[in-house]
Structure formats: structure tokens, C-alpha cells
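# Results of the structural survey
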Amino acid sequence: MQYGNVIMEHHQPAPSFLVQLLHSVPHINITLHRVNDTFNPNSTVYTESLGILASIPAALLIISLVFLLLYLLTRCCDRKPRKPKSHGCQKCTLIFFAIICCAAIGLGLYGNDDLHNGVLQIFGSGRKIEQLILNVRNQTEMVKHNLKSKVVLSELEQIFEQPPHRPNVTALYMLHDTVKMAKDNTTFAINALETIVYLTRPAYTDITLKSLLDTYEFYEELRWPITLGFLTFLLLLCIILMIGATRSSRCALIFFSVCGLLAVTVCWLLSGIYLASAVALGDFCMKPNDFICSHPKLKDVQYTYCSTVGTNRYVLRLNESKVHVDRAKESLETVNNIGMELYPGIQISSKVNKINGELDDSKRQLTALSVMLDRRTVAEHYADATRSLCEGGLLGLTLMLLASLVSAAILSLLVCVDSHTWIYLTKKRPGYEDKAETTPLFPAGANASPAAPIIASGTMTINRTLLHAQTATSNGSTGGVGAGAGTGTLIPTSGRNGTTHGMRGASGHHTLGRLPSQHAPMMGPNNGKYATLSKQCKTLESNDFY
């Protein structure tokens, strides 16, 4: 558009290095051919090229997930025991890269804040322009109402319909014609103001500046806290990973593996969105006025910004209205002079001066509206908005892109190393004393000779004195154990808490550990009773019997 190109020469600054760098990213279509890199979101070819750029991080996501899958498949088949000292290098690697990931996330937080501040400045400049247009509309309607009610509907015609005191047909005819001319000029001024009201009141199909600001403010109110919360979640994940690595906590490391995999997926997807958005914003910032002024439905922007001196429709209609007001004032001066000659007894001057006062007040308001809609004032607001978007906003978006890419790569590495670490971390092994108390003396179901003692299922501890007594009994040195049934088999019985209290003959009638009848002799060094076991007694392993 011609007016857009003219104004661009005066108000469009030179693109920054970052804008040029992002604009230089190749735009290719699905057939890998270069396409036009001019910002045009309405073009399917241009949006297709942005979609291809966004698919690059998505492809990296697929590659990283496949690599992680293959890695975990190889690790699950490797069950070789590892020494505890071999995990030190892996833990140091986890902590080192977790710190780097925290730094990348901090960069993303800084970029998110920069982007948010830039967008807020855009909204501030846009609201100023919106308020300016609203003020123009309201003041224009007020001036129009004053002209219509106090000038057009005046009583001058009714006064001059009376017969003059000094009959003069030519002067009377000129008087009526001049009054009509004053009213017509006032009507023309009102019509010009009607055009301004019509221009500031867009149709239903037009995109107003207010609707754009409301829509993007709503999206920004959702985007900023969600991004902040996600980056904070990533920081907490890294902290949990470092705690789990230092304390060798399997729960913390497994939790990071699960949540880290989800974080990797989200980071790669966000990288694709940020890449396409940054390149598109770089294309826009190369020539922002070309897109703004070529959009057919942004009437507010085109009428206030996309115009050179002498082509602003608002200012043209205001100047036209002022011209008609001046002509109406000139006509009223003529009416005042002729009326004083024809109607000397009527105070025509007071009525004409009152109408002239209304016209002067309307002219002052029209002049103020012209200053308000000056191209330089409006262009300053648009320049502030463009600068905020193409400098602070684009820088913040680029930092978020870099932070997302680095975080995604490091998190992918951390998930692999973390999975390799927690797989080989075992629970704390039980102590020697606990193992001695819980391990059976003889394996259950073991084949034993008839002369050997058969151990019932359970756990127990015995001392060497008791072992000697059992051996002597099984060799027949004691004669009162297996009465009436040949050689008896002794079975130790276990009492509460796993402590052996005595032996029972498999085919006899007496049980060691219990007092025999009055006619039976007392056996063993402890009169048939087991000695109480103390902590100083040696605990025997099953290997001591073989």
C-alpha cells in the first residue's frame, strides 16, 4: 500500500541483529523448496513453512524417546551386581547436569518475564490508541449535538418572517438567503462529523483494536502463569534429583524418571512452538508496517496510523467541518448587519452573538480533535508498541526457545543416567545378627539319617553344651529317652521367640525340657532342661554341622 510505504520510511526503525538472524532462517515447504519469507499468516504456504520448522524439535523428541527405550531395554537385561563405589561417577554426573539444567530453566524464567513485560507494553500502547479513538468519537458526537441543537434549530428564521420595520425586498431576500446559507453550512459541518462517527464505529465484520487487545490479553493472562508454573516444576524436579543422588534414594530417582520423561516431552513440544513463533515474529519485525497497513479489517489502525499528511480521513473530515463552521460564521455576520437595518427594534445582535459563540466553541473542539489525531502523536504510540514487541518481546521469546532446547536435551540425558543409577541401587542389606536369627539351622525338607536329629521348621539358637547333650542322647548313651520303641529320634521343639526349649522323642513318651516323672532319671548336665541362651553364646551356622 502506498500510504503504508510512505509512513514506513519515516517511522520504521532498522531491524535489529536478532530480527535479521531469525528472518534468515530458511522457509521451506513440504517439498523442501524455498518459499517467500514475508510475514503473512493468511497464506497457507507461509504457515506450512512454519509448521515444518516446528516439526524439527518434534522429530528430536521422537529420536530421544526411541534412544531411551533402547537404552532401558539393554539395562533391564543386565543384572550384574555393581559395587557401591561404582555409582559415585553417575551421581556426580547427575548433580552436575542437574545444576546446568537449573541454569537453563533460570534463563527461561528471565525470558518469560521479558516477554511478559514486552506484551504488557504493547497492551498499554494499544489501550492509549483505543482510548484516543473513543475520545474522538465521544467529542465528535458532542460537537455534532451542539451544532444541531443550538445552531440549526435556532429561532432566526421565525424572527425574520415578521414584516421588517424598513421595507426592502432585496435586503429581505438577501437576509433569508444568508440565514439559509448559515444553516446549510452548519448542516454540512454536522454531516462531516457524522462521517467521523461512522468511521470510528466499525462494522461487525471489522476487527477492532479493542477486540484484539482483549483477546490477546486473555491469552497472555493464561500463558504467563502456566509457563512460570511449568518452569518452577522443572526446578523442583532437578532439586529432587540432586537430593536423591546425594542420599541414594531410589524413590526420589524413580520419581524423577517418571516425571522427567513427561517433562522431556513437554519441553521438546514447547521448543517447536517457540521456534515457529520466534521466526514468525522475526519476519513480522522486518517490515511491521507492511502487514499492519495491508490488513483490510483493521480500520482503526489504517485511519489513524497508515496515512501520510493530508490523507488521514479523520483529520480531513474535521478540517472540512471547520471550514463549514467558518462559512456559517461569515454568513451570520452578514445576517447581523442586514437584520439590524431591517429590524432596528429587535435585539438581533444578542441572538447572533450567542450562535456565534456556539460556533466558536465547536471550532475550538474541532481543532483540539485535529491535534489529538495528529499523525505524529498516533505514530509515537505505534512505535512504542512495535519497539516493545520487536525488542523486549522477541528477546524474551528467543531466550525461552534456547532454554527449552537446552532443558529438553539435558533432561533427556538425566533421565537416561538416572534410570541407569536407580536400577542398580539395592535396598540396605540386613545385619549379621538379624540374618543369624532368621536363617534356619537346617534347610527344610533335607534328607537326614535316622540317627541324626530332624529339625522342625522354625528358627532357633543353641549353645555347644546343648549340642553335646543331643549327640550323646542320639548315640544311645542315655537309656531313658526312647522307652518301649527302640532307638528314638529326637526332635527339638521351639518355644516363643524361636528359643529351643527341649527335645521330643519321635516314638517315646518323654520330652526333654519338661520334668519327667518321679521314676525317670534326670538326663543331661542341666537335669533335662536347656540352659537359657545369652547374647554371649556363639550362634552356629548350618556349615558348622558339616
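All values derive from a computational prediction rather than experimental measurement. (Residues numbered from 1 in each chain as written. Predicted model: local features only at pLDDT ≥ 70, side-chain atom pairs only at ≥ 80, totals over all residues. Heavy atoms only, no water.)

### Description of the confidence of the model for the protein chain
Put simply, the test is: Every residue gets a pLDDT, meaning the predictor's confidence in that residue, from 0 to 100. The contact criterion used is simple: two residues touch if any of their non-hydrogen atoms lie within 4.5 Å.
Of all residues in the protein chain, 67% have pLDDT values of 70 or greater, and the mean over the chain is 75. Below pLDDT 50 for its whole length, residues 427-522 participates in 121 contacts with residues either more than four positions away or in separate chains. Here residues 529-546 scores under 50 on pLDDT; set against residues more than four positions off or in separate chains, the count is 34 contacts.

### Observations regarding the state of the cysteines
How we decide: Sulfur atoms of two cysteines make up a disulfide when they are within 2.5 Å. Numbering of helices and strands runs from the N terminus; a helix is a DSSP stretch of H or I covering at least four residues, while a strand is a stretch of E covering at least two. Burial classes follow relative accessibility: with a 1.4 Å probe on protein chains only, a residue under 20% of its type's maximum area counts as buried, one over 50% as exposed, and anything between as partly exposed.
Here the structure, examined in full by the defined rule, presents one disulfide. For C285, the disulfide goes to C390, at an S-S distance of 2.0 Å. Taking the sign of the S-S torsion, about -90 degrees here, the bridge from C285 to C390 comes out left-handed. Taken as a pair, C285 in helix α8 (residues 250-286) and C390 in helix α13 (residues 375-423) lie far apart in primary sequence, 105 residues in all. For the pair formed by C285 and C390, the shared burial category is buried. A disulfide-free cysteine, C101 has its sulfur positioned 3.7 Å from the sulfur of C238, the nearest such atom.

### Focus: the environment of A383
Following the sequence through the fold, A383 ends up in helix α13. Each C-alpha atom of the pair A383 and I122 lies 9.8 Å from the other, and the pair is 261 residues apart in sequence.

### Some remarks on the packing of aromatic side chains
Note the threshold: Each aromatic pair joins two rings of Phe, Tyr and Trp (for Trp, the six-membered one) with centres within 6.5 Å, and gets the label stacked for planes under 30 degrees apart, edge-to-face for over 60, and tilted for any other angle.
Using the criterion set out here, one finds seven aromatic pairs in the structure. Relative to F291, the ring of F39 lies with its centre 5.0 Å away and its plane at 80 degrees, an arrangement referred to as edge-to-face. Of this pair, F39 sits in the loop between α2 (17-23) and α3 (44-76) while F291 sits in helix α9 (residues 288-294), and the two are 252 residues apart along the sequence. Like F291, F39 is buried.

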